Amino acid sequence: MALDAALAETDYLSAGWDGEREAFIQSLLVALEVSEVVRRESTVHAELALITAMVKGEIDNVEPYIGVSKHSCIMCSQYIRAFNRVTKQKVATKGSHGKIYPGWFWPSLPSHDEELRPAFLGLIRQQLLSDFVQHTETRRLSDSSVGSGFPEMELHPTKDDIIKLFKASVPTAE
């Protein structure tokens, strides 16, 4: 459902992309199954608990940087982006590792929820679309013959890699 909403304005929602959408969903499900995360009840992560306390005035003299021991999950990262857009704040963390965890839950901020939740969901839809496009491009590259015979070639070659490859494949006039 969320993926369909993310793809609604694109050609990716057509029947021709059904297989790619199914493969993408399966890859997400497999990632959750092999995750080392213990499934828990819904919980608000520490970063968002601090923002909630800040908004409710439970803590004073807040710096705009939330220092936690780990990088934020993708959901917290996107929520903070939405929070910053809606409230014109500049709250930051040390970044996101891009993972998602079962049981993640957004906080209740009654003074901002009406604007914040749609902004957050919009960012999540953009993230899903971006992840889907990256997934399909990676699958297409792995299914093609691009790079065959060149095991040292990486998926994302540099300009120097391309020049070396070109020079190696073009006979020199001697």
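Since the structure is predicted, the reported quantities are computational estimates derived from the model, not experimental observations.

S.K.: Give a description of the environment of Lys-94 that names residues and reports values.
M.R.: Along the polypeptide, Lys-94 turns up in the loop between helix H4 (74-87) and helix H5 (113-143). In this structure Lys-94 comes out as partly exposed when scored by relative accessible area, which is 41%. Residues Lys-94 and Ser-69, 25 residues apart in the sequence, show an inter-C-alpha distance of 9.2 Å. Those residues in contact with Lys-94 that sit more than four places away from it in its chain are Tyr-65, Ile-66, Val-68, Ser-69, Lys-70 and His-71.

S.K.: Could you give an account of a nonpolar patch on the surface, with specific residues and numbers?
M.R.: On the surface, Leu-50, Ile-59 and Val-62 cluster together into a nonpolar patch covering about 210 Å² of accessible area. In this fold, Val-62 is placed in the loop between helix H3 (46-55) and H4.

S.K.: Could you give an account of the packing of aromatic side chains, with specific residues and numbers?
M.R.: Aromatic rings considered in pairs are described by the distance between their centres and by the relative angle of their planes. Per the counting criterion, the structure on display carries four aromatic pairs. Taken together, the ring pairs connect Tyr-79, Trp-104, Trp-106 and Phe-120 into an aromatic cluster.

S.K.: Which residues make up H4, and what are the values?
M.R.: Taking 1.5 Å of rise per residue, the 14 residues of H4 would be expected to cover 20 Å, and the 20 Å separating its terminal C-alpha atoms lies within 8% of that figure. The element H4 is extensively covered by neighbouring structure, given that 11 of its 14 residues are classed as buried. The set of residues buried in H4 consists of Ile-74, Met-75, Cys-76, Gln-78, Tyr-79, Ile-80, Ala-82, Phe-83, Asn-84, Val-86 and Thr-87. Looking one or two residues beyond H4, the residue adopting positive phi is Lys-88, at roughly 65°.

S.K.: Please give an account of the packing of H3 against H4 that cites residues and values.
M.R.: In contact at an axis separation of 10 Å, H3 and H4 are set at 25° when each is read in the N-to-C sense. Comparing their axes, H4 and H3 come out roughly parallel. In this structure, H3 uses Glu-47, Leu-48, Ile-51, Met-54 and Val-55 to contact H4, whose residues at the interface are Cys-76, Tyr-79, Ile-80 and Phe-83. Grouping the amino acids of the contact of H3 with H4 by side-chain chemistry returns eight nonpolar, no polar and one charged.

S.K.: Can you lay out the environment of Gly-98 for me, pointing to particular residues and giving the numbers?
M.R.: Looking at the secondary structure, you find Gly-98 in the loop between H4 and H5. Overall, Gly-98 belongs to the partly exposed group, its relative accessible area being 47%. Counting along the chain gives 24 residues from Gly-98 to Ile-74, while the straight-line C-alpha distance between them is 4.6 Å. What Gly-98 contacts, discounting residues up to four positions off in sequence, is Ser-72 and Ile-74.

S.K.: Residue-level account of the state of the cysteines, with values.
M.R.: Within this structure, the stated rule accounts for zero disulfides. Left unpaired, Cys-73 is separated from the closest cysteine sulfur, that of Cys-76, by 3.7 Å. Note on Cys-73: relative accessible area 2%, which makes it buried.

Conventions and cut-offs
Residues numbered from 1 in each chain as written. Predicted model: local features only at pLDDT ≥ 70, side-chain atom pairs only at ≥ 80, totals over all residues. Heavy atoms only, no water. Helix = DSSP H or I, 4+ residues; strand = E, 2+ residues; numbered from the N terminus. Buried < 20%, exposed > 50% of the residue type's maximum accessible area, 1.4 Å probe, protein only. Contact = heavy atoms within 4.5 Å. Patch = residues over 30% accessible without salt bridge, like charges linked within 9 Å, V, L, I, M, F, W, Y side chains within 5 Å. Areas by Shrake-Rupley, 256 points an atom, 1.4 Å probe, with all protein chains shown as cover. Salt bridge = Lys/Arg side-chain N within 4 Å of Asp/Glu carboxyl O. Phe/Tyr/Trp six-rings, centres within 6.5 Å; stacked < 30°, edge-to-face > 60°. Expected span 1.5 Å × (residues − 1). Axes fitted to C-alpha atoms, helices over the stretch in contact; angles between N-to-C directions. Parallel < 35°, antiparallel > 145°, perpendicular 65-115°, else oblique. Nonpolar A, V, L, I, M, F, W, Y, C, P; charged D, E, K, R; others polar. Disulfide = S-S within 2.5 Å.

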